[in-house]
Amino acid sequence: MPIAKLTVEISIPHAQSIKDRRQVLRSIKDKIRHGFNVGIAELDDANLWNRATLGLVAISGSSAYLNGQMQELDDALHRLANTLGAEILDSWVDILAE
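**A few points about the nonpolar core**
By size, the foremost hydrophobic cluster in this structure holds 26 residues, and its most contacted members are Ile10, Ile32, Leu56, Leu73 and Leu77. Of all elements in the fold, only strand 1 (3-11), helix 1 (18-35), strand 3 (51-59) and helix 2 (63-83) reach the threshold of two or more residues within this core. The element best represented in this core is helix 2, accounting for 7 residues. Contacts of Leu77, omitting those with residues within four sequence positions, involve Leu6, Val8, Ile28, Ile32, Leu56 and Ile88.

Have a look at this one:
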């Protein structure tokens, strides 16, 4: 069964504290969990207030389905980041085939 992993690097230019950073990330994570059936977690240790890395993972019986879902997730993350005053710096997908 293939597994897809989307890694996203986010810039939060307005964040002046860890609280500002957490507020943006919590909003992104909650909205993604509500709209998609994926796992999502922070991958960094929060040393920088204005930067974050998120990892999203999904599993399916179809690689084609996972590719489409990862593209939809990437698009949704870009929209969410823009509404929250953040910016997606980079994103990439890894598909782990069986």
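**Considering the pairing of strand 1**
Pairing of strand 1 with strand 3 involves 9 bridges; the strand directions are antiparallel. Across the sheet, the residue bridging to Ile10 is Ala52, located in strand 3. Where strand 1 meets strand 4 (residues 87-96), 9 bridges bridge the pair, whose relative direction is antiparallel. In the strand pairing of strand 4, Ser11 is matched with Glu87.

**Describing the pattern of salt bridges**
Applying the stated rule across the entire model yields 4 salt bridges. Of the charged contacts, one joins Arg22 and Glu42 as a salt bridge, the two residues approaching to 2.7 Å between their closest N and O atoms. Here Arg22 is found in helix 1, whereas its partner Glu42 is found in strand 2 (residues 39-42), with 20 residues between them in sequence. Judged by its relative accessible area of 23%, Glu42 falls in the partly exposed class.

**What about the sheet that holds strand 4?**
With antiparallel pairing, 4 strands are arranged side by side in an open sheet as 2-3-1-4. Of all the strands in the sheet, the pair left with one neighbour each is strand 2 and strand 4. Taking the axes of each pair of neighbouring strands and ignoring which way they run, one obtains an average angle of 15° across the sheet. Across the sheet, helix 2 lies against strand 1, strand 3 and strand 4, angled at about 170° from strand 4, the strand it touches most.

**Observations regarding a nonpolar patch on the surface**
Together, Met1, Ile3, Val57, Ile59 and Leu96 make up an exposed nonpolar region whose accessible area comes to about 450 Å². Structurally, the position occupied by Met1 is in the segment before strand 1.

**Here's the deal with the packing of helix 1 against helix 2**
The description of two helices packed together rests on the angle between their axes and the distance between the axes. Running from N to C, helix 1 and helix 2 point in directions that differ by 140°, and their axes come no closer than 11 Å. The crossing of helix 1 and helix 2 is right-handed. Here Ile28, Lys31 and Ile32 of helix 1 lie close against helix 2, whose contacting residues are Leu73, Ala76, Leu77 and Leu80. Residues of the contact of helix 1 with helix 2, tallied by class, amount to 6 nonpolar, no polar and 1 charged.

**A look at helix 2**
The end-to-end C-alpha distance of helix 2, which contains 21 residues, comes to 30 Å, matching closely the 30 Å that a straight helix rising 1.5 Å per residue would cover. Buried residues along helix 2 sit against strand 1, helix 1, strand 3 and strand 4. N-cap assignment for helix 2: the residue whose side-chain oxygen lies 3.3 Å from the backbone N of Ala64 is Ser62. Positive backbone phi, at 80°, marks Gly85, one or two positions downstream of helix 2.

Cut-offs used in this document
- Residues numbered from 1 in each chain as written.
- Predicted model: local features only at pLDDT ≥ 70, side-chain atom pairs only at ≥ 80, totals over all residues.
- Heavy atoms only, no water.
- Core = buried A, V, L, I, M, F, W, Y, C linked by side-chain atoms within 4.5 Å.
- Buried < 20%, exposed > 50% of the residue type's maximum accessible area, 1.4 Å probe, protein only.
- Helix = DSSP H or I, 4+ residues; strand = E, 2+ residues; numbered from the N terminus.
- Contact = heavy atoms within 4.5 Å.
- Pairing = 2+ DSSP bridges.
- Salt bridge = Lys/Arg side-chain N within 4 Å of Asp/Glu carboxyl O.
- Axes fitted to C-alpha atoms, helices over the stretch in contact; angles between N-to-C directions.
- Patch = residues over 30% accessible without salt bridge, like charges linked within 9 Å, V, L, I, M, F, W, Y side chains within 5 Å.
- Areas by Shrake-Rupley, 256 points an atom, 1.4 Å probe, with all protein chains shown as cover.
- Left-handed = near helix turned anticlockwise from the far one by under 90°.
- Nonpolar A, V, L, I, M, F, W, Y, C, P; charged D, E, K, R; others polar.
- Expected span 1.5 Å × (residues − 1).
- Polar contact = N/O pair within 3.5 Å; in protein donor to acceptor, adjacent residues only side chain to side chain.

Remember, this is a structural readout, not a statement about activity or role.
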